[in-house]
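# Residue-level structure breakdown
Residues per chain, in single letters:
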Amino acid sequence: MAMKFKIRKDDNVEIIAGKDKGKRGTIVRVFEKNGKGRVIVSGANLVKKAIKRRSQQDAGGIAEVEAPLDISNVAIVCKKCGATKIGYKLDGDKKLRVCRKCGETL
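The helix and strand tally for the protein stands at zero helices and 10 strands. Starting at the N terminus, the α and β elements of the protein follow one another as β-β-β-β-β-β-β-β-β-β. The C-alpha radius of gyration of the protein comes to 17 Å, more than 25% above the 13 Å expected for a compact globule of 106 residues. Taken across its 106 residues, the protein has 28% of its residues classed as buried. Carbon and sulfur atoms form 49% of the exposed surface of the protein, whose accessible area is close to 7,700 Å².

Here is the structure:
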């Protein structure tokens, strides 16, 4: 069963735990496999990866790529408040994500 997460692709987030604590970026991808929520944040959690040489022109080498972070280690960023939690508010038929601190729509 796939779990449902409040954080989505293209959200602005801040890393709240780990080696990149305090860095901000946007969500590139969300992994929901096996109930383990993991996200890739642009410009954060960079790891070195060996790239195999594919042809004479395409040189291999060592590249830095973004590795997945646990979803619990990121917090969404409100424009007014900074890192915050997400709440929901019903607006007619729509369900909107709102900042829990100031109530602004995210």
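Now for the sheet that holds strand 1 (residues 12–15). Pairing is antiparallel in the open sheet, where six strands are placed in the order 6-3-2-1-7-8. Of all the strands in the sheet, just strand 6 (69–70) and strand 8 (82–84) have a single pairing partner and so form its edges. With four bridges joining them, strand 2 (residues 24–31) and strand 3 (residues 38–41) adopt antiparallel strand pairing. Bridged to F31 within strand 3 is R38.

Taken as a whole and judged by the stated rule, the model has six salt bridges. The partner of K23 in a salt bridge is D20, and the shortest N-O contact between them spans 3.4 Å. When its relative accessible area of 12% is taken as the criterion, D20 is described as buried.

A separate point is the packing of aromatic side chains. Where two aromatic rings form a pair, the distance of their centres and the angle of their planes describe that pair. For the coordinates displayed, the defined rule picks out zero aromatic pairs. Between the NZ or CZ atom of K95 and the centre of the ring of Y88, over which it lies, the distance is 4.6 Å.

Counting residues in hydrophobic clusters, the biggest one holds 13 residues, and the most contacted among them are I7, V13, I27, V39, V41, L69 and V74. Of all the secondary structure elements, the ones that give two or more residues to this core are strand 1, strand 3 and strand 7 (74–78). The contact partners of V39, leaving out residues within four places of it in the chain, are I27, R29, V30, A67, P68, L69, I71 and V74.

What follows is about the environment of V39. With respect to the helices and strands, V39 occurs in strand 3. Accessibility expressed as a relative area gives 0% for V39, which makes it buried. As for V39 and R29, which are separated by 10 residues in sequence, their C-alpha atoms are 5.7 Å apart.

What counts as what
Residues numbered from 1 in each chain as written. Predicted model: local features only at pLDDT ≥ 70, side-chain atom pairs only at ≥ 80, totals over all residues. Heavy atoms only, no water. Helix = DSSP H or I, 4+ residues; strand = E, 2+ residues; numbered from the N terminus. Rg over C-alpha atoms; globule rule 2.2 N^0.38 Å. Buried < 20%, exposed > 50% of the residue type's maximum accessible area, 1.4 Å probe, protein only. Areas by Shrake-Rupley, 256 points an atom, 1.4 Å probe, with all protein chains shown as cover. Pairing = 2+ DSSP bridges. Salt bridge = Lys/Arg side-chain N within 4 Å of Asp/Glu carboxyl O. Phe/Tyr/Trp six-rings, centres within 6.5 Å; stacked < 30°, edge-to-face > 60°. Lys NZ or Arg CZ within 6 Å of the ring centre and 35° of its normal. Core = buried A, V, L, I, M, F, W, Y, C linked by side-chain atoms within 4.5 Å. Contact = heavy atoms within 4.5 Å.

Structural measurements only, silent on function.
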